[in-house]
Amino acid sequence: MTKNNLTCLAFALSISTYVNAQSPQNIPVSNSDAGRYKMQPIHLQSRWAKDVNPNNALKEYPRPQMIRSNWENLNGLWQYAITDLSESKPINYSGYILVPYPVESALSGVQKKLMPNNLLWYKRSISKPKLNSDERLFLHFDAVDWKATIYVNGKEIGEHTGGYQNFSFDITDYLKSGQNELIVKVFDPTDMGPNPHGKQVLRPANIYYTPSSGIWQTVWLETVPAKHIIGFKTTPDIDKEELTIDINTTPQSSNLMLEVSALKNGKVVSVQKQPISGSKGVDKNTTSMSLKIHTPDLWSPDNPFLYDLSIKLLKGNTVIDKVTSYFGMRKIDIQKDEKGADRIFLNNKYTYNLGVLDQGFWPEGLYTAPTDEALAFDIKAMKSMGFNTIRKHIKIEPNRWYYHADKIGVLVWQDFVNPPHGLPEGSREIFEKEAMETMDQLHNYPSVITWVLFNERWGAYDQKRLTEWVKKYDPSRIVNGHSGELLYVNDELREPADSPWVNSDLTDVHSYPDPRNAPGQPGKARVLGEFGGVGVSVPGHQWDDMQGWGYVQVPPSELKKRYTHMMSDLKKLESEGLSGSIYTEPYDVEGEENGLLTYDREIVKIPVSEIREINNNIVPQISAGLDPKFFIAENINTKDNDDRYTELLLSYEKGKRDSVFLRRLLLMAARKKDQVHITNIGREYINQLIDPYSKENLTFINQITRTTKDKGFEMLMSNSEKVDAVLGENTSIYKLKAIISADDLNPYMAANYYTPNWDSLQQAFQTKYGTVGEELILGKRMYYYGTVTKDWKNYGKYFVLYFEKALHHPDFMINNVAWALFENVNDPKILSYGAEVMKYCIETWDKQAPDAFDTYANLLHKSNQSGEAIKWEEKALQMKKGAPDEKVYAETLQKMKSGQPTWPTNN
């Protein structure tokens, strides 16, 4: 066993001696607080969830790169309220939330969705500490998603936008003696605004997941001297054997000295002292210093050696301020190997980057790991499997995650969080601001070796300029300008690209499921930014046992064979010039079951030792990694095998009826598409439920409800409001219309497509299904008149009749059916109504959609409201700047201004 073996014991000791020497001034939590908090029910959770309570919510020091001793952790129970966007501060709060877990998470104790038309409010009291005349108190938020406004004692002290970046305020002058009121107001539009939101969406499915709104990282107080060190950047140069430190200090510190010391195993190996000089560019408050590190111990995954760092602010021999930190001496760049191929070099040695796509989600905490041990576990697990690289995918983690990566020793490709796909107004500026703040925030972590600018064209723009900007802003790392700019699925290219990977240090393709090489370009290393995605379901350890998903789904017995074959292909590709690869993925995430581990981190789908042995053929590993005891040893190859369906049905027919058995059999019946048994067993299962209207039970019932004969259909028809209150607005009516269509309407239309008797059909459906049936037929009539008979008079009539009932839950893309109305209907009243429908559509769903703005403008113009039409067409044109169809919008606007028709004149 080598000295770098990462056993759990050694890891735990290193953490406690390094960071926790400075223990927080924990806020006392009374016994009554335990009664105010209860984790919300959730069927899938990791082993760490049970350890979380208001006394210990992420209590560790949150900023390991810049440590001071005088701090106070504000994590714990806060009051919360959710209000409408227009409302002012609430008078009464709804209850208690456990900070820093997102409001949507089970661990928060709330587990409620925050909508774009809501505000989330937090409230607690803080005690003013004893401060000397030359001390200040800072309030730190490590991350709040997305827009946070902070109030102390009723006064607004500041505002911050950005869901992933640290921010702080000096609150000294807002405090009074004793208790002080602290309020945080949060607005988070998730995927309905201009903000980078990563994989968070309001309607999670497939590769998109549950949102994490509000405070999701540690909140804390820090007492600092009035003259103090604000921050610093460390940049190693192993070739020169030196470390550059750029130190930012408060403006009033200009007459003081800085002393910087590097320590190796507790002994000073280099020290530098100089007056604050303002020598860094035009910033007079930043002082640049250099430390010689002779014959440095180089940081790498095989030897994650870290030096300690001490920075002191001095007045004479008196220490005014002091922070401690650490650094690693490492170099990352692109060099040619002995065969002349461009490769990724770490510390002047070719190093294959064998990585995984880590998305940073937890079943009980969503964006927030339940404990610090859990946060470190993921990194240790990945390294145990033989990976030396983690691609942190479209999420910025808490500072302690990168600290663990530095200590454990993994290479990190860090994605920026992309702007929204449609690039709504303001999104470019927001993205660039947050990208720069991300680079500043993570600069000092030696594990971070690569910035990933864009991913699969999601919100991509100005790639050449931005890639060059990132390289210039941080020349100490390599830049992946566009991961997956070329995406292959089943060996087919989704979309070609002009000048791919311009200015990038890497060429990067994605290929699902099987690996392939990226094209070669001069001076660029070739990498495979994503591949794999082999889905294996593990019953009992699924987020959604009805809708597990993978790029390719295989039985458990096939996974190792498939993975071994992929790694064999990678080895061949490496010999042909491939320098790195990222496997999708280390663990399942919600319905996405591509992981080598289950989402709860309990089951490893291939034994760790076997994965490691396979990976060792590409990257030999020195460190031993996790003890296998951290995973449950379970044979997943036989559990709930569907080959047992006939056997279990026989047990059912003989009278076995316990609820666990019925659910298990139901899932098998669903996979076998045995609708008769789904209906019959489903009815018996639901009848046994103590609380069928709980969120967990309703979610399952909604998924197994497929016909009008199902018990769930009856529940949706008779208790739609109750269901919607739990599962979300309009859940019932959408499900009901889909089932009625499949069971009754579609068979009728198949037999009577060209001769439907719409009046009798509408009467029959209204009698049988009430307003739901009537609404369904009205919509189908509208659609039929517009697509089959081209009867535009009736299309206009039924457009109005349908949307009078279905405006808040339409079955059609409103923009599409409204455009058909604009082009083919001339009745001013109907057109005016169509404009009102489009206005609602824009206000509710299409706030940043230029196509919707254009449709609305054209309807206004055709209904003789040209002044307003011009305003909206100008907005649409502004959003289309630089787009291929910009000219079309410009021509439309010109016609409106000149009073010409913008619609076809032959109807």
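Here the structure is a predicted model, which means the values were calculated and not measured. (Residues numbered from 1 in each chain as written. Predicted model: local features only at pLDDT ≥ 70, side-chain atom pairs only at ≥ 80, totals over all residues. Heavy atoms only, no water.)

*Asks:* How should the overall build of the protein chain be read in this particular structure?
*Replies:* Secondary structure summary: the protein chain contains 22 helices and 34 strands in total. Against the globule reference of 29 Å for 907 residues, the protein chain gives a C-alpha radius of gyration of 30 Å, in line with a compact fold. Counting only C-alpha atoms, the protein chain reaches 95 × 75 × 65 Å along its principal axes. Buried positions account for 58% of the 907 residues belonging to the protein chain. Excluding contacts between residues fewer than 6 apart, the proportion of contacts in the protein chain whose partners are at least 24 apart in sequence is 67%. Put simply, the protein chain shows about 37,300 Å² of open surface, and 49% of that area lies on carbon and sulfur atoms. Averaging the coordinates of the 104 positive side-chain charges in the protein chain and doing the same for the 114 negative ones gives two points 2 Å apart. (Helix = DSSP H or I, 4+ residues; strand = E, 2+ residues; numbered from the N terminus. Rg over C-alpha atoms; globule rule 2.2 N^0.38 Å. Buried < 20%, exposed > 50% of the residue type's maximum accessible area, 1.4 Å probe, protein only. Contact = heavy atoms within 4.5 Å. Areas by Shrake-Rupley, 256 points an atom, 1.4 Å probe, with all protein chains shown as cover. Lys, Arg positive; Asp, Glu negative; His and termini not counted. Charge placed at Lys NZ, Arg CZ, Asp CG, Glu CD.)

*Asks:* For this particular structure, what's the right way to read the packing of aromatic side chains?
*Replies:* Note on aromatic pairs: each is described by the distance of the centres and the angle between the planes. Tallied over the entire structure, the rule returns 51 aromatic pairs. For the ring pair Trp-401 and Tyr-402, a centre distance of 5.0 Å and an interplane angle of 75° mean the geometry is edge-to-face. Pairing Tyr-784 with Tyr-785 gives two aromatic rings, centres 6.4 Å apart and planes at 75°, and the pair type is edge-to-face. Accessibility assignment for this pair places Tyr-784 and Tyr-785 in one class, buried. What links up through ring pairs into an aromatic cluster is the set Tyr-783, Trp-792, Tyr-795, Phe-799, Tyr-802, Phe-803, Phe-812 and Tyr-833. Lys-862 extends its terminal NZ or CZ atom over the ring of Phe-822, reaching a point 5.5 Å from the ring centre. Above the face of the Trp-872 ring, Lys-875 is positioned so that its terminal group lies 3.9 Å from the ring centre. (Phe/Tyr/Trp six-rings, centres within 6.5 Å; stacked < 30°, edge-to-face > 60°. Lys NZ or Arg CZ within 6 Å of the ring centre and 35° of its normal.)

*Asks:* Looking at this model, I keep getting lost on the pattern of salt bridges. Mind explaining?
*Replies:* Two side chains bearing opposite charge may form a pair once their charged atoms approach each other closely. One pass over the structure, following the stated rule, counts 45 salt bridges. Here Asp-333 makes a salt bridge to Lys-331, at a shortest N to O gap of 3.8 Å. Taken together, the shared-partner salt bridges in this structure form one network comprising Arg-63, Arg-68, Glu-222 and Asp-321. (Salt bridge = Lys/Arg side-chain N within 4 Å of Asp/Glu carboxyl O.)

*Asks:* Explain the sheet that holds strand E23 (residues 353–358) here, please?
*Replies:* Adjacent strands of a sheet pair through backbone hydrogen bonds, lying either parallel or antiparallel. Taken together, ten strands build an open sheet; the order of strands is E27-E26-E25-E24-E23-E34-E31-E30-E28-E29 and the sheet is mixed. Only two strands of the sheet have a single partner each, and these edge strands are strand E27 (478–480) and strand E29 (492–493). (Pairing = 2+ DSSP bridges.)

*Asks:* Looking at this model, I keep getting lost on the nonpolar core. Mind explaining?
*Replies:* Soluble globular proteins tend to pack their nonpolar side chains together in the buried interior. Counting residues in hydrophobic clusters, the biggest one holds 96 residues, and the most contacted among them are Tyr-563, Met-567 and Leu-570. Each residue touching Met-567, except ones within four places of it in the same chain, is listed here: Leu-354, Phe-531, Ile-614, Asn-615 and Ile-618. Counting 82 residues, the second-largest nonpolar core is a separate cluster that includes Tyr-685, Leu-689, Ile-814 and Leu-893. (Core = buried A, V, L, I, M, F, W, Y, C linked by side-chain atoms within 4.5 Å.)

*Asks:* I tried to follow helix H15 (residues 731–751) on my own but got confused; where do I start?
*Replies:* Residues separated by three or four positions in an α-helix point in the same direction, a consequence of the helix having 3.6 residues per turn. Here H15 is 21 residues long and its end C-alpha atoms lie 30 Å apart, about the 30 Å a rise of 1.5 Å per residue gives. Within H15, the axis deviates most sharply at Ser-741, by approximately 50°. Those residues of H15 that fall on the buried side of the exposure criterion are Thr-731, Ser-732, Ile-733, Leu-736, Lys-737, Ile-739, Ile-740, Ser-741, Leu-745 and Met-749. Tucked inside the fold, the buried residues of H15 contact helix H12 (695–704), helix H13 (711–718), helix H14 (720–727), helix H16 (758–787) and helix H17 (792–806). (Expected span 1.5 Å × (residues − 1). Bend = angle between axes of the 7 residues up to and from the residue.)

*Asks:* Before we go on, may I ask you to explain the pairing of strand E34 (residues 578–584) in this structure?
*Replies:* On a regular strand, each side chain points to the face opposite its neighbour's, so the side chains alternate between the two faces of the sheet. Counting buried positions along E34 gives seven out of seven residues, so the element sits mostly inside the fold. Looking at chain direction, E23 and E34 are connected through four bridges and run parallel. Residue pairing in the sheet places Asn-353 in a bridge with Gly-580 of E34. Judged from the five bridges that link them, strand E31 (residues 525–532) and E34 form a sheet pairing that is parallel. Bridge pairing links Phe-531 to Tyr-583 in E34.

*Asks:* Explain unusual backbone geometry here, please?
*Replies:* Note on backbone geometry: most residues besides glycine have negative phi, and most peptide bonds are trans. The step from Val-99 to Pro-100 runs through a cis peptide bond, and the omega angle for that step is 20°. Mapped onto the secondary structure, Pro-100 falls in the loop between strand E3 (95–99) and strand E4 (118–127). With an omega of 5°, the peptide bond between Thr-584 and Glu-585 qualifies as cis. Here Glu-585 lies in the loop between E34 and helix H8 (608–615). Of note, Glu-241 is a non-glycine position whose phi angle comes to about 55°, a positive value. Inspection of the secondary structure puts Glu-241 in the loop between strand E13 (229–237) and strand E14 (242–249).

*Asks:* Explanation requested: the side chain of Lys-605 in the structure shown.
*Replies:* For Lys-605, the position within the fold is in the loop between E34 and H8. Its relative accessible area of 7% is what places Lys-605 among the buried residues. A polar contact of 3.4 Å, which involves the side chain of Lys-605, links it to the backbone oxygen of Glu-593. (Polar contact = N/O pair within 3.5 Å; in protein donor to acceptor, adjacent residues only side chain to side chain.)

*Asks:* Would you take a moment to explain helix H9 (residues 645–653) for this structure?
*Replies:* Within H9, burial applies to Tyr-645, Leu-648, Leu-649 and Tyr-652. Along the axis of H9, the buried residues cluster in a sector spanning 105°; they form a single face. Those residues of H9 that are buried lie in contact with helix H10 (659–672) and helix H11 (675–688). (Arc of directions from axis to C-beta.)

*Asks:* I keep staring at the packing of H10 against H11 and nothing clicks. Help me out?
*Replies:* One can describe the packing of H10 onto H11 by two numbers: an axis separation of 9 Å at closest approach and a directional angle of 155°. With respect to H11, the axis of H10 lies roughly antiparallel. Relative to H11, the crossing made by H10 is left-handed. Here Ser-659, Leu-662, Arg-663, Leu-665, Leu-666, Ala-669 and Ala-670 of H10 lie close against H11, whose contacting residues are His-677, Ile-678, Ile-681, Gly-682, Glu-684, Tyr-685 and Gln-688. Partitioned by chemical class, the residues of the contact of H10 with H11 number eight nonpolar, four polar and two charged. (Axes fitted to C-alpha atoms, helices over the stretch in contact; angles between N-to-C directions. Parallel < 35°, antiparallel > 145°, perpendicular 65-115°, else oblique. Left-handed = near helix turned anticlockwise from the far one by under 90°. Nonpolar A, V, L, I, M, F, W, Y, C, P; charged D, E, K, R; others polar.)

*Asks:* I would appreciate a short explanation of the environment of Gly-523 in the present structure.
*Replies:* Tracing the backbone shows Gly-523 in the loop between strand E30 (506–512) and E31. On the basis of relative accessible area, Gly-523 is assigned to the partly exposed category, the value being 41%. C-alpha separation for the pair Gly-523 and Asn-730, spaced 207 residues apart in sequence, amounts to 54 Å. In contact with Gly-523, other than residues within four places in its own chain, are Ile-334, Asp-342 and Asp-505.

*Asks:* I would appreciate a short explanation of the environment of Leu-366 in the present structure.
*Replies:* Position of Leu-366 relative to the elements: it lies in the loop between E23 and helix H3 (372–384). Here the alpha-carbon distance between Leu-366 and Asn-864, two residues 498 residues apart in the chain, equals 50 Å.

*Asks:* Can you help me understand the sheet that holds strand E7 (residues 147–152) in this one?
*Replies:* The six strands lie next to each other as E3-E2-E4-E10-E7-E8, forming an open sheet whose pairing is antiparallel. Either end of the sheet is taken by a strand with one partner, and the two such strands are E3 and strand E8 (155–161). The average angle at which neighbouring strand axes cross in this sheet is 30°, direction not considered. Bridge analysis of E4 against strand E10 (residues 179–187) gives eight bridges, and the strand direction is antiparallel. When the sheet's bridge partners are listed, Lys-123 is paired in E10 with Ile-183.

*Asks:* Help me out: how do you make sense of the pairing of strand E12 (residues 219–225) in this one?
*Replies:* Counting buried positions along E12 gives seven out of seven residues, so the element sits mostly inside the fold. Here strand E1 (residues 71–73) pairs with E12 via three bridges, running antiparallel. Among the inter-strand pairings, Trp-71 is bridged to a residue of E12, identified as Glu-222. Of the pairings in the sheet, the one linking strand E5 (residues 135–141) to E12 comprises seven bridges and is antiparallel in character.

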